[in-house]
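So the chains spell out like this:
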Amino acid sequence: MDHYDSQQTNDYMQPEEDWDRDLLLDPAWEKQQRKTFTAWCNSHLRKAGTQIENIEEDFRDGLKLMLLLEVISGERLAKPERGKMRVHKISNVNKALDFIASKGVKLVSIGAEEIVDGNVKMTLGMIWTIILRFAIQDISVEETSAKEGLLLWCQRKTAPYKNVNIQNFHISWKDGLGFCALIHRHRPELIDYGKLRKDDPLTNLNTAFDVAEKYLDIPKMLDAEDIVGTARPDEKAIMTYVSSFYHAFSGAQKAETAANRICKVLAVNQENEQLMEDYEKLASDLLEWIRRTIPWLENRVPENTMHAMQQKLEDFRDYRRLHKPPKVQEKCQLEINFNTLQTKLRLSNRPAFMPSEGRMVSDINNAWGCLEQVEKGYEEWLLNEIRRLERLDHLAEKFRQKASIHEAWTDAMWPSLNPGKEAMLRQKDYETATLSEIKALLKKHEAFESDLAAHQDRVEQIAAIAQELNELDYYDSPSVNARCQKICDQWDNLGALTQKRREALERTEKLLETIDQLYLEYAKRAAPFNNWMEGAMEDLQDTFIVHTIEEIQGLTTAHEQFKATLPDADKERLAILGIHNEVSKIVQTYHVNMAGTNPYTTITPQEINGKWDHVRQLVPRRDQALTEEHARQQHNERLRKQFGAQANVIGPWIQTKMEEIGRISIEMHGTLEDQLSHLRQYEKSIVNYKPKIDQLEGDHQLIQEALIFDNKHTNYTMEHIRVGWEQLLTTIARTINEVENQILTRDAKGISQEQMNEFRASFNHFDRDHSGTLGPEEFKACLISLGYDIGNDPQGEAEFARIMSIVDPNRLGVVTFQAFIDFMSRETADTDTADQVMASFKILAGDKNYITMDELRRELPPDQAEYCIARMAPYTGPDSVPGALDYMSFSTALYGESDL
């Protein structure tokens, strides 16, 4: 520091308190220091009936400077010089500086001449030295002093307040909430803290300054506008003003400490009772939720429609995503609360908590296991049902399409005859026909048989599809079977009628000699070509379902091969039309009386052209459908890769974290606080990883919505990730809880870190499988290694059984490290809580040796005061003071006759 330095290494003046000459060049800081230091000096000078107006002018003669030192030190200085000359002023200032030096402060570069000359920088530096020595040096809080002690005091007092985080003596105070929190902590009736806003620092600062000046006799040393308008308020000005609050409130410290000790006991009792109530309620709610959920998951009644099954799947997704995770957290919290409660009861020498029948942790775990067992196959059943319904819908549509085509063909009109194939086959037109007409009828029948044979495959396909629908338990199977049976019966009838007509025509065939070769050739070529076009139209309109990019590529390749045959088909079409044109030409040339019709076929050139045009129109539609499906499959493949890439990172990450947490929980690196800090860092990193899990959930939902059922890019499923994530959260929470309970046990029982390390080393040595627990024999060996005399005789077995009843009250057959520590601490240390609480009673009671109910209400928080009064109601106080408790009644009310 430029102006002074400390002689003692542990003194109140630290390096950051140095009076930096360069910083004083900041006008804003100099203005704040002028006002603050002036107000601080006047707060002491007014006790002597005077004050200063200008800090660098009013201290020049040294008179008020000496008076200020006498007031704040309570000591008399040497008699001042009353002369007006410069030498008299220098003499007075030197007396003041010598007095400051006598208090252990070494002044550097601050001389009397500079003070007498009105040097602002030197004067402010001198006043800051006085403030540090007489207002801040003697502050002591929890083995810290001076600036650190004052900062720790501020942090302790403001810790419960939101938006207050005191880390320094400059920017931490800019919003004014720190000052308001200090006042409200000690005098809550002066400020309505709930109405303060962090975004209104001027109002907060002015409120604190006005209240402090009016009710706490702390002068207004700062300007709110200066603090808000400065990027970094002056640290020395803030420290000076805050120290005034410390001295104003320090008087109530002893009474507060005494009350806090009683509060601690009452708070522990209340907290334990609340934890018991919370456990019972949470256990009941969780068991009731499991009881309601299991029947829903056991319901395996399938729906008849795809929409209904997809709604069931969506309901299950909501259950896994929205309803179950909070219950997992509740179950974890239930176990944590139970362990914490048992630890606190043991530390308070209270009996272990036994939940109501059916609400033990083991009961909840059994119920939870049943829930997960039922849930395990429910999603797989839903997906299988959706696949089955999807297949059924596809088959049913295919059946309807093929049946409609066949029925349309069966009912189609035959040339010059009544509608329908059966009607045509039942005609006896051959009986009155001429020879040429008979031959024509025979050829026509041959063409019909060719057409009939061409439709054989379709009928067999219809029957096969109907059989598959029956095997898959299609809900509308009766109507499908009826329609299929009708088609099959009709087909059998057509076959019988066809055979019967052929036999009749063959009997008269010998009489038929004239035949028109061109018509016959047309019929023979037109029939298969027409059948080919109908098959092509059927194939082009046929629906398809694929699940992979390879399948759609196969369909696309087949379609391209089909398109390659179109030029040859067109040539065949032109050839067939050419035959018909040739017939027409012959008829016109030779005036044949054929009525312009072909007696051998019902297929006209117009029909061929119409179907051909229809085929050409269906080709681009098929192209578009295949292109769209190809794009959808490409999108599905991207979804698979995206999910796989994330899952292949998250899965190993979760496994790594589980292994690291396991190592931390059994290793002995550092103190328990270090381990807890390390675990909390892990917990924070794990919680920060949650968005990646949510992102993977989103990708998984997209995959399921796209009905993607397999993924070759990863071996991880979302179920694996969910289970791993839930186990990771549960493991880190349990591990942190175990370390916190170990700290709680260590601090309550006074166990040193070396003892804790020894206990851990012994525990780990016998934990051969690194499970974090010891079996009975392992635990017994561990106790023997620590010096316990436990023999194999009946007496030794009885002693070991007693110890096991302490460390394993639930008879789970294992001993945790926490239970081991509790037992060891119970054997090695006694609690001093009772002595401390009764000493606190004596502080509050004073010389009168009793304390009244009104005093309890005044010294304790309302809820704890009422709780204490309720506990003490059955006990009577001295006869001279009704409604009061003496020493013995107070101790009996809190601890019972056997505890103290």
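What you see is a predicted model, and the numbers here were worked out from it, not measured in a lab.

Asker: I'm lost on the overall build of the chain in this one. Help?
Answerer: Of the regular secondary structure elements, the chain holds 34 helices and eight strands. A burial count over the chain gives 45% of its 900 residues as buried. Contacts in the chain between residues far apart in sequence, at least 24 positions, make up 73% of those at least 6 positions apart. Element-wise, carbon and sulfur atoms account for 50% of the exposed surface of the chain, whose accessible area totals about 45,200 Å².

Asker: Can you walk me through the nonpolar core in this structure?
Answerer: Soluble, globular proteins show a tendency: their nonpolar side chains are buried together. Of all hydrophobic cores here, the largest spans 79 residues; its most connected members are Ile130, Phe179 and Phe245. Of the residues forming this core, the biggest block, twelve residues, is contributed by helix H6 (residues 120-136). Ignoring anything within four residues of it in the chain, the contact list for phenylalanine 245 reads Trp153, Phe179, Leu182, Ile183, Ala212, Leu216 and Ile218. Of all hydrophobic cores here, the second largest spans 48 residues; its members include Leu679, Trp725, Val807 and Ala819.

Asker: Help me out: how do you make sense of the packing of helix H4 (residues 86-102) against H6 in this one?
Answerer: Each packed pair of helices is defined by two parameters, the angle between the axes and the distance between the axes. Interaxial distance between H4 and H6 falls to 11 Å at its minimum, and their mutual angle equals 35°. The two elements H4 and H6 cross, and the hand of that crossing is left-handed. Residues Leu97, Phe99 and Ile100 of H4 form the contact with H6, whose participating residues are Met126, Thr129, Ile130 and Phe134. Of the residues in the contact of H4 with H6, the class split is six nonpolar, one polar and no charged.

Asker: Is there a simple way to explain the pattern of salt bridges in this structure?
Answerer: Two side chains that carry opposite charge are able to pair once their charged atoms sit near each other. Scanning the entire structure with this criterion turns up 39 salt bridges. Here glutamate 607 and lysine 611 are joined by a salt bridge, their closest N and O atoms 3.0 Å apart. In this pair, glutamate 607 and lysine 611 are both assigned in helix H23 (residues 605-666), four residues apart and thus about one turn of the helix distant. Take glutamate 607: its relative accessible area is 29%, and that puts it in the partly exposed class. A relative accessible area of 13% means that lysine 611 is categorised as buried. The residue arginine 680 makes a salt bridge to glutamate 740 at a minimum N-O spacing of 2.3 Å. Here glutamate 740 lies in helix H26 (residues 718-749) and arginine 680 lies in helix H24 (residues 672-688), a separation of 60 residues in the sequence. The class of arginine 680 is partly exposed, set by a relative accessible area of 38%. The structure contains a network of salt bridges with shared partners spanning Glu30, Arg34 and Glu56.

Asker: Hey, could you run me through the packing of aromatic side chains in this one?
Answerer: Aromatic ring pairs are described here by two measures, namely the spacing of the ring centres and the angle between the planes. The full count for this structure, using the stated rule, is 19 aromatic pairs. Aromatic rings pair up to connect Phe169, Trp173, Phe179, Phe209, Tyr241, Phe245 and Phe249 into one cluster. Across the ring face of phenylalanine 134, the terminal group of arginine 133 is positioned such that the distance to the ring centre comes to 5.2 Å.

Asker: Looking at this model, I keep getting lost on the environment of asparagine 849. Mind explaining?
Answerer: Looking at the secondary structure, you find asparagine 849 in the loop between helix H31 (833-845) and strand S7 (850-852). We classify asparagine 849 as partly exposed; its relative accessible area is 44%. Residues asparagine 849 and aspartate 886, spaced 37 residues apart in sequence, show a C-alpha to C-alpha distance of 6.1 Å.

Calculation criteria
- Residues numbered from 1 in each chain as written.
- Predicted model: local features only at pLDDT ≥ 70, side-chain atom pairs only at ≥ 80, totals over all residues.
- Heavy atoms only, no water.
- Helix = DSSP H or I, 4+ residues; strand = E, 2+ residues; numbered from the N terminus.
- Buried < 20%, exposed > 50% of the residue type's maximum accessible area, 1.4 Å probe, protein only.
- Contact = heavy atoms within 4.5 Å.
- Areas by Shrake-Rupley, 256 points an atom, 1.4 Å probe, with all protein chains shown as cover.
- Core = buried A, V, L, I, M, F, W, Y, C linked by side-chain atoms within 4.5 Å.
- Axes fitted to C-alpha atoms, helices over the stretch in contact; angles between N-to-C directions.
- Left-handed = near helix turned anticlockwise from the far one by under 90°.
- Nonpolar A, V, L, I, M, F, W, Y, C, P; charged D, E, K, R; others polar.
- Salt bridge = Lys/Arg side-chain N within 4 Å of Asp/Glu carboxyl O.
- Phe/Tyr/Trp six-rings, centres within 6.5 Å; stacked < 30°, edge-to-face > 60°.
- Lys NZ or Arg CZ within 6 Å of the ring centre and 35° of its normal.

Everything listed is a geometric property; what it means functionally is a separate question.
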